[in-house]
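# Observations on the three-dimensional arrangement
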Amino acid sequence: MVMNLRTCLLLASVLATQGFSSLKSKSPVEYLSEPISNALSSTYRVFTSANEAFRATPSPLSITTLTDEILALEEPATSSSDGNMERRLTLALLTTARSSQLNRLLRTDRTAYIATATFLSSSIPREQLPNVQNIPHPRSGTITSLDTDATTQVTTGVDYLGRELVPDCTL
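Residues numbered from 1 in each chain as written. Predicted model: local features only at pLDDT ≥ 70, side-chain atom pairs only at ≥ 80, totals over all residues. Heavy atoms only, no water.

Each helix and strand counted, the protein has five helices and two strands in total. Start at the N end of the protein and walk to the C end: the helices and strands fall as α-α-α-α-α-β-β. Taking all 171 residues of the protein together, the buried fraction comes to 26%. Nonlocal contacts in the protein, meaning residues at least 24 apart in sequence, comprise 46% of its contacts between residues at least 6 apart. Looking at the protein as shown, the accessible area adds up to about 11600 Å², and 58% of this sits on carbon and sulfur atoms. (Helix = DSSP H or I, 4+ residues; strand = E, 2+ residues; numbered from the N terminus. Buried < 20%, exposed > 50% of the residue type's maximum accessible area, 1.4 Å probe, protein only. Contact = heavy atoms within 4.5 Å. Areas by Shrake-Rupley, 256 points an atom, 1.4 Å probe, with all protein chains shown as cover.)

All right, on to the pattern of salt bridges then. Here the structure, examined in full by the defined rule, presents one salt bridge. Among the ionic pairs, R45 bridges to E86, the shortest N-O distance being 2.9 Å. Remark: E86 occurs in helix α4 (residues 81-108) and R45 occurs in helix α2 (residues 28-55); sequence separation between them is 41 residues. (Salt bridge = Lys/Arg side-chain N within 4 Å of Asp/Glu carboxyl O.)

Below, the discussion takes up helix α3 (residues 60-74). Along its 15 residues, α3 runs 21 Å from first to last C-alpha, staying within 8% of the 21 Å computed at 1.5 Å per residue. Every buried residue of α3 is listed here: S62, I63, T64, L66, T67 and I70. (Expected span 1.5 Å × (residues − 1).)

Okay, the nonpolar core next. Listed in full, the twelve residues of the largest apolar core are I63, L102, L105, L106, A112, Y113, I114, A117, L120, I124, L129 and I135. Only α4 and α5 (110-119) provide two or more residues apiece to this core. Per element, the largest residue contribution to this core is four residues, and it comes from α5. (Core = buried A, V, L, I, M, F, W, Y, C linked by side-chain atoms within 4.5 Å.)

This part covers the side chain of R98. Its location among the elements puts R98 in helix α4. It turns out R98 is buried and unbridged, and the closest side chain with the opposite charge, E74, is 5.7 Å from it. At 2.5 Å, the side chain of R98 and the side chain of Q128 are in polar contact. In this structure R98 touches I63, L66, T67, I70, I124 and Q128, once residues within four positions along its chain are discounted. (Lys, Arg positive; Asp, Glu negative; His and termini not counted. Polar contact = N/O pair within 3.5 Å; in protein donor to acceptor, adjacent residues only side chain to side chain.)

On to the side chain of Q101, then. Considering the arrangement of structural elements, one finds Q101 in helix α4. Accessibility expressed as a relative area gives 1% for Q101, which makes it buried. Of the polar contacts made by the side chain of Q101, one reaches the side chain of S62; its length is 2.9 Å.

Here we take up the confidence of the model for the protein. Detailed reading of predicted coordinates is not advised where the pLDDT is low. Looking at the protein as a whole, the pLDDT averages 74, with 61% of positions reaching at least 70. Confidence over residues 143-154 falls short of pLDDT 50; this stretch has 21 contacts with residues more than four positions distant or in other chains. (pLDDT = per-residue confidence, 0-100.)

Note on placement: Q128 falls in the loop between α5 and β1 (142-144). Taking the relative accessible area as the measure of exposure, Q128 reaches 31% and is therefore partly exposed. With 26 residues separating them in the primary sequence, Q128 and L102 have C-alpha atoms 9.5 Å apart. Here Q128 is in contact with T95, R98 and L102, once residues within four sequence places are set aside.

Below, the structure is given as structure tokens:
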């Protein structure tokens, strides 16, 4: 069997984690088959979920579902480094897919985009939104009224923590 440098390094890392004592009982191919199989199945899972996210029709429901998946992946993981790499790659691809869906929704239905971005404004960082016009800051007491003109602002009189604000003075 001809082995190149990558194969040798992969075999060395597998042997280092499993120990050299059982080297005589298995061939190098047997040592490499499981890590390669794990890497391929991990890659398949990542790209399958990303492909579904990229192909989904942009709608408030699909963007909200995608945001929930992203928030679940952002929680600290206690798995191995391989799982961590898979999680980080999935997170990056799903974040890109969400950005793509938000852009497409903004192009096709601005009112639905404003409603979705307003609803998710506490979950999506503002720098990840394609357009923040008419999207209230999550910590402001200003809410965009979606029933009337999109530029009308309604002041609620409370801040984002529910505390009452000091009323505006008149000059």
